[in-house]
Amino acid sequence: MADRVTVIGWDGSPLTAAARSALSAATLVAGAAHHLALPEVPPTAERIRLGSLGLAARRIAGHRGTAVVFADGDPGFFGVVRTLRAPEHGLEVEVVPAVSSVAAAFARAAMPWDDAQVVVAHPRTLRRAVNVCRAHAKVAVLTSPGAGPAELALLLDGVHRTFVVCEELGTDREQVSVLTSDKAADHSWRDPNVVIVIGGAGQAPAAEPGWLLGQGAAHSADRGWARPQPDTGEGESAQLRAAQLARLGPRAGDLVWDIGAGSGGVAVDAAALGAAVIAVDADPRACERVTAAARKRGVQLQVVAGRAPHVLESLPEPDVVRVGGGGAEVVAAVADRRPERIVSHASTRDEAEAIGRTLTEHGYAVECALLQSVALDPRTWAEQDRSVVFLLSAERPVTR
């Protein structure tokens, strides 16, 4: 095992005395090409070009001597420190920090970032990173080859955002570009880069500082979900919406389709829980209501006017879907896209059986419950409103 491992953060500034001291004693130095080219790297030290962090960590663990690992920005912030300290490698490290690339990017843009989301985009996580950009007004994306500004822009098709692309921060080739997302796909971008994605309706910049990273000052102004609303569809009580949300389980990184959005109650609540949302309705007035509800709640969502199932063909892949109207035909079209979870409801047993049969034929595990809710006047305990509806929820089996 290496006698000593020092991780040095690099942001383009001159190396600190602690960093130079660690380098002078190093018998192994790992880093990117621009790190290994630094004049302070001892000419006799073994050099490892970082590619796979796991492979590099195993080589460092097997080294007999003193090792130094370079990392861009703060190595403890989505950086190499986590990998090196993993139990399978057993490395104890010392860290010489630097300004994180996210902090540097926001400094170049002269923007505060305590209210920003920060995500890492790899080819395998790119879709989820894009969904965070759909759901929030300010996101910093730490990109990687194959998951850069152009790929982000292509997957954000139809959602307008402004990109601040910061290429090769801290080097003499540093460049900061500001452009709209529809133009970003037309460029070739140099790695490494950080993309600040900003814009969208609904969330106004916080006038006062918040208290929780990634949230505005007004984050907790509206408490709870599935609250009573006017203009809900037939049988769509607050209790039904609460049950549907519980079974969908929307979360950050998910894309939710709300088909037959109606008043927008489920769509807005899902967005408030951190998911990206596309609300679909054939009624232009319903689309207006959903937009107004999202603006009032201060959340981001996309509203698509059109009739399912045909309008669904051009939408990006969903994680969870609520079908608020259209029956078995729309449910079948949704199931063809293989989301993880689907919820729907029916006012009659025949309709519920048709939806359940369709979901089962598509390989989903289906549950059905008959929900009855009665609103009472607490002054007289007289019945005010009654709702009886079949709730269907379906989950795609996990493939091993």
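Just so you know, these numbers come straight off a predicted model, no measurement behind them.

What counts, and at which threshold
- Residues numbered from 1 in each chain as written.
- Predicted model: local features only at pLDDT ≥ 70, side-chain atom pairs only at ≥ 80, totals over all residues.
- Heavy atoms only, no water.
- Helix = DSSP H or I, 4+ residues; strand = E, 2+ residues; numbered from the N terminus.
- Buried < 20%, exposed > 50% of the residue type's maximum accessible area, 1.4 Å probe, protein only.
- Contact = heavy atoms within 4.5 Å.
- Areas by Shrake-Rupley, 256 points an atom, 1.4 Å probe, with all protein chains shown as cover.
- Lys, Arg positive; Asp, Glu negative; His and termini not counted.
- Charge placed at Lys NZ, Arg CZ, Asp CG, Glu CD.
- Salt bridge = Lys/Arg side-chain N within 4 Å of Asp/Glu carboxyl O.
- 1 Å grid on protein atoms, 1.4 Å probe; cavity = no way out; pocket = protein on both sides within 12 Å on 5 of 7 lines; lining within 4 Å.
- Points joined across faces, edges and corners; volume = space filled by probe spheres on them.
- Nonpolar A, V, L, I, M, F, W, Y, C, P; charged D, E, K, R; others polar.

### Here we look at the overall build of the protein
Point 1. Each helix and strand counted, the protein has 13 helices and 17 strands in total.
Point 2. The buried share of the protein, taken over its 400 residues, is 47%.
Point 3. Sequence-distant contacts, at least 24 apart, represent 61% of the contacts inside the protein between residues at least 6 apart.
Point 4. Working note: accessible area of the protein is about 19,800 Å², and carbon and sulfur atoms make up 52% of it.
Point 5. Computed over 40 positive and 46 negative side-chain charges, the separation of the two mean positions in the protein equals 3 Å.

### Considerations on the pattern of salt bridges
Point 1. What the rule picks out here adds up to 20 salt bridges.
Point 2. Taking the shortest distance from any N to any O, the salt bridge between Asp254 and Arg128 comes out at 3.1 Å. On the criterion of sequence distance, the pair formed by Asp254 in the loop between helix H9 (238-248) and strand E11 (255-259) and Arg128 in helix H6 (residues 126-135) is long-range, its members being 126 residues apart.
Point 3. Judged by relative accessible area, which is 3%, Asp254 ranks as buried.

### Details of the environment of Ala105
Point 1. Within the secondary structure layout, Ala105 lies in helix H5 (residues 101-109).
Point 2. Considered as a pair, Ala105 and Ile196 are 91 residues apart in the sequence and their alpha carbons are 7.6 Å apart.
Point 3. Sequence-distant contacts of Ala105, that is, excluding residues within four places in its chain, are made with Cys166, Leu169, Val194 and Ile196.

### Considerations on empty space enclosed by the protein
Point 1. A full pass over the atoms with the stated rule returns two cavities of 30 Å³ or more.
Point 2. The calculated volume of the largest cavity comes to roughly 40 Å³.
Point 3. When contributions to the lining of the largest cavity are tallied by element, the ones reaching two or more residues are helix H3 (53-61) and helix H4 (80-84).
Point 4. The dominant element in the lining of the largest cavity, judged by the number of residues it contributes, is H3, at four residues.
Point 5. Here the residues of the lining of the largest cavity are counted per class, giving eight nonpolar, one polar and no charged.
Point 6. Each pocket or cavity is described by its volume, and for the second largest cavity that value is around 30 Å³.
Point 7. Along its surface, the second largest cavity is lined by Glu236, Arg241, Asp258, Ala261, Ser263, Gly264, Gly265, Val266 and Arg322.
Point 8. Tallied by class, residues from the lining of the second largest cavity come to two nonpolar, three polar and four charged.

### Focus: the layout of surface pockets
Point 1. Taken as a whole, the largest pocket spans an internal volume of roughly 1,500 Å³.
Point 2. Lining of the largest pocket is provided by 49 residues; of these, Asp72, Phe78, Gly79, Thr143 and Pro192 occupy positions nearest its centre.
Point 3. Those elements giving two or more residues to the lining of the largest pocket turn out to be helix H2 (33-36), strand E4 (66-72), H4, H5 and strand E10 (193-198).
Point 4. In terms of residue class, the lining of the largest pocket is made up of 22 nonpolar, 16 polar and 11 charged.

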